[in-house]
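Observations on the three-dimensional arrangement
Residues per chain, in single letters:
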Number of protein chains: 2
Amino acid sequence: MARATVQDVAKTAGVSVGTVSRVLNKSPAVSESSKEKVTAAIRQLNYRPLASARDLRRDRTMRILALAKNLNSPIISEAFRGVGDAAASSGYVSLIAPTAGDPEREQQLVDMLRNGSVDGLIMFSPTMPDEDVDEMAEQLSVVQVCEIADSEAAFGVSIDDRQAAFDITTHLIETGGRRLAMIGNRAARSGRLREEGFRQAAAEAGISPDQTLFVEGEFDFHTGRRLTRKLLKAAPLPDAVFCGSDTVAAGCVREITDAGLRVPDDIAVAGFDDSVQAEMCVPELTTIRQPAYDMGRLAFEELLARMTVPGVHRRGRTFLPHELVIRDSTKN
Amino acid sequence: MARATVQDVAKTAGVSVGTVSRVLNKSPAVSESSKEKVTAAIRQLNYRPLASARDLRRDRTMRILALAKNLNSPIISEAFRGVGDAAASSGYVSLIAPTAGDPEREQQLVDMLRNGSVDGLIMFSPTMPDEDVDEMAEQLSVVQVCEIADSEAAFGVSIDDRQAAFDITTHLIETGGRRLAMIGNRAARSGRLREEGFRQAAAEAGISPDQTLFVEGEFDFHTGRRLTRKLLKAAPLPDAVFCGSDTVAAGCVREITDAGLRVPDDIAVAGFDDSVQAEMCVPELTTIRQPAYDMGRLAFEELLARMTVPGVHRRGRTFLPHELVIRDSTKN
DNA sequence: CTGTTAGCGCCTTCAC
DNA sequence: GTGAAGGCGCTAACAG
């Protein structure tokens, strides 16, 4: 059987389409008896308003889309939970799609905003260059979370990555670290900020740059292992490693342990994110807690403002406080 | 500036809307010169066809939606990668949304199929009862992956969970396990099937049911630890534990190790999924590999058939082969 | 309170 | 190869 329309409902209920529409949209100007008839007809015909027709007419979809390189990052999934809850309480449906770091797929997804498939976009880890993100932000309802492009028009929600890296590196130094190493990721803006924080902390502690090691790559377990093997070839060995993510830190700890060295006694290791990985690791990881859920909530609120209030907003960045979580992978 | 429409493009290009539409849809019946003019106008006006108008007219969206309890399950994110690749090569955009196990939110998302916001639905971990899934499947384009409802109308793609559990339990027995334990999850159909396989393997090996232990809960790290503490209170202790997921197994190993016992010498532990957790664990986990990516691809192909050829549907499940991966958490 | 009607932007026959 | 026109299903403005 073909899908029912307002027309069908109107006919079955013995009223006009206008009345049906009013019932559908909870207009108060409907008599109780009409409402009942319409409701009954709707149920009888199993009617649902067609989204595309409604969207076309209303010029909005009440849907938003979030984009991320991949979905299984604990921070992203937690932040997206915040987005989802905030969105739901404003009547929006939130969807997410992975870009896999593929510019073409990212473009296709961004087009969903341009062509009105969704009302707003949240970007977690853009693949496109900063300028492109900025240009989008000028004209469209887009908010960045975690990763924020480095420019005048920058806007979005994140922690202060530089400061967080500074804090945890300082902790590494205060607990005896002298030959510092970092496993970072220059491909991401947050990665570059964390590197800055790392270097600044070293400098302020009077540790000369040539006493520090830096290696970089993707933030996954195997890369963490591989990069740590590089670090372990250094002489003298580092005595403290700051990793850009807990997962990388887990790989780092594993490689150090497999090499017969002890964490933190021989080499201290710090992570980042305070994901469940930090607790799964042995020893458990000292790390930086990101308030991911709240970042997501806030990001949606900002997006909502952009979607509903026409004109270009430039609220700048919102920094949420991070927290140093000290566990057993560093000395104390 | 307001958004451009086909009308605007037609006017700017000096042609009719029909011609613009033909260019947009790559109709061959357009002269080269018209095409160029239209293309130029489109670029000049930065025009994009409005999705809702096009969807309304065409009665389809070329979008599909996947639903899962949460996004950070390695199996789900890998399977969704498969869905996404298959979808992309058929011109579909695939989105995903977490239900958080909330029936209301799940319903809202399912409504996106009912109201035509998307053309098809892939369900990873339904929260609704099996009957409801079946009823949906009768009338709508829905395919299940991993978790498949237990009924006549069952359809979808998964591994043979019962057989996989049987295989890995048998491995546990063959390597000396006699006092068997399982950490399962009866809330999920796959969990119940794995329990069956576990019990069947024990029975066939002549191990009486009262020599086996069974505890259950959610499949996360902390639950794994908590349930393992329960197991460790048994006397005599189990000598082999089959866990329903790698993450749970990681928690199990951790708790055993913290109790001063050795894995696998004192207690062997097996996981499920062959996710990265299996390799992060020390010792690395013996587990069952699920061909998640291929499951996703196949699921999309089946969904595509359902979306394009309404009516005739092959009912039934598609089982993909699993693989026993032996590592160090079990004896050999 | 209710019915009628005019589009929203697009695609697609149908003439030419 | 091209233009004109109808209509997809819905909402909202306007009469009554």
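Everything that follows concerns the structure shown earlier in this document.
How each quantity is defined
- Residues numbered from 1 in each chain as written.
- Chains lettered and ligands numbered in written order.
- Predicted model: local features only at pLDDT ≥ 70, side-chain atom pairs only at ≥ 80, totals over all residues.
- Heavy atoms only, no water.
- Axes fitted to C-alpha atoms, helices over the stretch in contact; angles between N-to-C directions.
- Helix = DSSP H or I, 4+ residues; strand = E, 2+ residues; numbered from the N terminus.
- Parallel < 35°, antiparallel > 145°, perpendicular 65-115°, else oblique.
- Left-handed = near helix turned anticlockwise from the far one by under 90°.
- Contact = heavy atoms within 4.5 Å.
- Salt bridge = Lys/Arg side-chain N within 4 Å of Asp/Glu carboxyl O.
- Buried < 20%, exposed > 50% of the residue type's maximum accessible area, 1.4 Å probe, protein only.
- Near = heavy atom within 4 Å.
- Polar contact = N/O pair within 3.5 Å; in protein donor to acceptor, adjacent residues only side chain to side chain.
- Buried area = accessible area lost by both parts, 1.4 Å probe.
- Nonpolar A, V, L, I, M, F, W, Y, C, P; charged D, E, K, R; others polar.
- Core = buried A, V, L, I, M, F, W, Y, C linked by side-chain atoms within 4.5 Å.
- Pairing = 2+ DSSP bridges.
- Phe/Tyr/Trp six-rings, centres within 6.5 Å; stacked < 30°, edge-to-face > 60°.
- Lys NZ or Arg CZ within 6 Å of the ring centre and 35° of its normal.
- Disulfide = S-S within 2.5 Å.

**As for the packing of helix 5 (residues 74-89) of chain A against helix 13 (residues 292-308) of chain A**
Residues and elements named next belong to chain A.
- Contact geometry of helix 5 with helix 13 gives a least axis separation of 6 Å together with a crossing angle of 45°. When the axis of helix 5 is compared with that of helix 13, the two are oblique. In this structure, helix 5 meets helix 13 at a crossing whose hand is right-handed. Taking contact as the criterion, the partners of Ile 75, Glu 78, Ala 79, Arg 81, Gly 82, Val 83, Asp 85, Ala 86 and Ala 87 in helix 5 are, on helix 13, Ala 292, Tyr 293, Gly 296, Arg 297, Phe 300 and Glu 301.

**Details of the pattern of salt bridges**
- All chains considered together, the criterion is met by 34 salt bridges over all chains.
- With a closest N to O distance of 3.0 Å, Glu 195 of chain A and Arg 199 of chain A form a salt bridge. One end of the pair is Glu 195 of chain A and the other is Arg 199 of chain A, both in helix 9 (residues 189-204) and 4 residues apart, which spans about a single turn.
- Here Glu 195 of chain A falls in the buried class, since its relative accessible area comes to 9%.
- Between Asp 266 of chain B and Arg 262 of chain B there is a salt bridge, and its shortest N-O distance comes to 3.3 Å.
- Look at Asp 266 of chain B and you get partly exposed, because its relative accessible area is 28%.

**Description of the protein's contact with DNA strand D**
- Around DNA strand D sit 27 residues in total, of which Val 6, Tyr 47 and Arg 57 of chain A together with Ser 34 and Arg 57 of chain B are the nearest.
- Each atom of DNA strand D within 4 Å of the protein was classed as base or backbone; sugar and phosphate made up 62%.
- Within the contact set of DNA strand D, a phosphate oxygen lies 2.8 Å away from a side-chain nitrogen or oxygen of Thr 19 of chain B.
- Where the surface near DNA strand D is concerned, the elements lending two or more residues are helix 2 (17-24) and helix 4 (51-58) of chain A together with helix 2 (17-24) and helix 4 (51-58) of chain B.
- Ranked by residues supplied to the surface near DNA strand D, first place goes to helix 4 of chain A with 5 residues.

**Digging into the interface of chain B and chain A**
- Taken together, the contact between chain B and chain A spans 46 residues of the former and 46 residues of the latter.
- Taken over both partners, the interface formed by chain B and chain A buries close to 3,800 Å², and the fraction arising from carbon and sulfur atoms is 59%.
- On the chain B side of the contact with chain A, Arg 48, Arg 254 and Met 280 of chain B bury the most area, a combined 14% of that side's loss.
- Remark: the boundary between chain B and chain A carries 8 salt bridges.
- The partner of Asp 85 of chain B in a salt bridge is Arg 105 of chain A, with the nearest N and O atoms 3.0 Å apart.
- Where chain B meets chain A, there are 19 residue pairs in polar contact (both at pLDDT 80 or more).
- Counting residues per element, the ones that place at least two in the side of chain B that touches chain A are helix 4, strand 1 (63-68), helix 5 (74-89), strand 2 (93-98), helix 6 (103-114), helix 10 (221-231), helix 11 (246-258) and helix 12 (276-280) of chain B.
- Class assignment for the residues of the side of chain B that touches chain A results in 22 nonpolar, 12 polar and 12 charged.

**Topic: the nonpolar core**
- Ranked by size, the top nonpolar core spans 92 residues in total, and within it Phe 124 of chain A together with Phe 124 of chain B carry the most contacts.
- Every residue in contact with Phe 124 of chain A, bar those within four places of it in the chain, is listed here: Ala 66, Leu 67, Ala 68, Ile 76, Ala 79, Phe 80, Ile 96, Val 145, Cys 146 and Glu 147 of chain A.
- Leu 109, Met 128 and Val 142 of chain A together with Val 142 of chain B belong to the second-largest nonpolar core, a separate cluster that totals 38 residues.

**Quick word on the sheet that holds strand 7 (residues 213-216) of chain A**
Residue and element names in this part refer to chain A.
- Taking strand neighbours across the sheet as the criterion, the 4 strands line up as 7-6-8-9 in an open arrangement whose pairing is parallel. The outermost strands of the open sheet, each flanked by one partner alone, are strand 7 and strand 9 (268-270). With strand direction ignored, the average angle separating the axes of adjacent strands in the sheet is 15°.
- Across the sheet, helix 9 touches strand 6 (180-184), strand 7 and strand 8 (240-243), and the angle it forms with strand 6 is around 175°.
- Strand contacts of helix 11 (residues 246-258): strand 6, strand 8 and strand 9, with the helix running at about 165° to strand 9, the strand carrying the most contacts.

**Observations regarding the packing of aromatic side chains**
- Scanning the entire structure with this criterion turns up 6 aromatic pairs over all chains.
- Taking the centre distance of 6.1 Å and the plane angle of 50° together, the rings of Phe 242 of chain B and Phe 272 of chain B count as tilted. Residue Phe 242 of chain B is located in strand 8 (residues 240-243), and its partner Phe 272 of chain B is located in the loop between strand 9 (268-270) and helix 12; the two are separated by 30 residues in the primary sequence. For the pair formed by Phe 242 of chain B and Phe 272 of chain B, the shared burial category is buried.
- A connected cluster of aromatic rings, assembled from ring pairs, spans Phe 198, Phe 242 and Phe 272 of chain A.
- In this structure, Arg 194 of chain A is placed above the aromatic ring of Phe 272 of chain A, and the distance from its NZ or CZ to the ring centre is 3.8 Å.

**Description of the state of the cysteines**
- Under the definition given, this model contains 0 disulfides over all chains.
- No disulfide involves Cys 243 of chain B; its sulfur sits 4.1 Å from that of Cys 252 of chain B, the nearest cysteine.

**Focus: the protein's contact with DNA strand C**
- Around DNA strand C sit 27 residues in total, of which Ser 31 and Ser 34 of chain A together with Val 6, Tyr 47 and Arg 57 of chain B are the nearest.
- What you see for DNA strand C is that sugar and phosphate hold 62% of its atoms within 4 Å of the protein.
- Ser 16 of chain A is positioned with one of its backbone polar atoms (N or O) 2.9 Å from a phosphate oxygen of DNA strand C.
- Note that a phosphate oxygen of DNA strand C is positioned 2.4 Å from one of the side-chain N or O atoms of Tyr 47 of chain B.

**Some points on unusual backbone geometry**
- Cis rather than trans, the peptide bond between Ala 235 of chain B and Pro 236 of chain B has omega equal to 0°.
- In this structure, Pro 236 of chain B sits in the loop between helix 10 and strand 8.
- Here the bond from Val 263 of chain B into Pro 264 of chain B is cis, since omega is 5°, no more than 30 degrees from zero.
- Within the chain, Met 62 of chain A stands out as a residue other than glycine whose phi angle is a positive 60°.
- Tracing the chain through its elements places Met 62 of chain A in the loop between helix 4 and strand 1 (63-68).
- Residue Met 62 of chain A is classed as partly exposed on the basis of its relative accessible area, which comes to 22%.
- In this structure, Asp 274 of chain B is a non-glycine residue whose phi angle is positive, near 55°.
- Take Asp 274 of chain B: it is sitting in the loop between strand 9 and helix 12.
- Looking at Asp 274 of chain B, the relative accessible area reads 21%, which means it is partly exposed.

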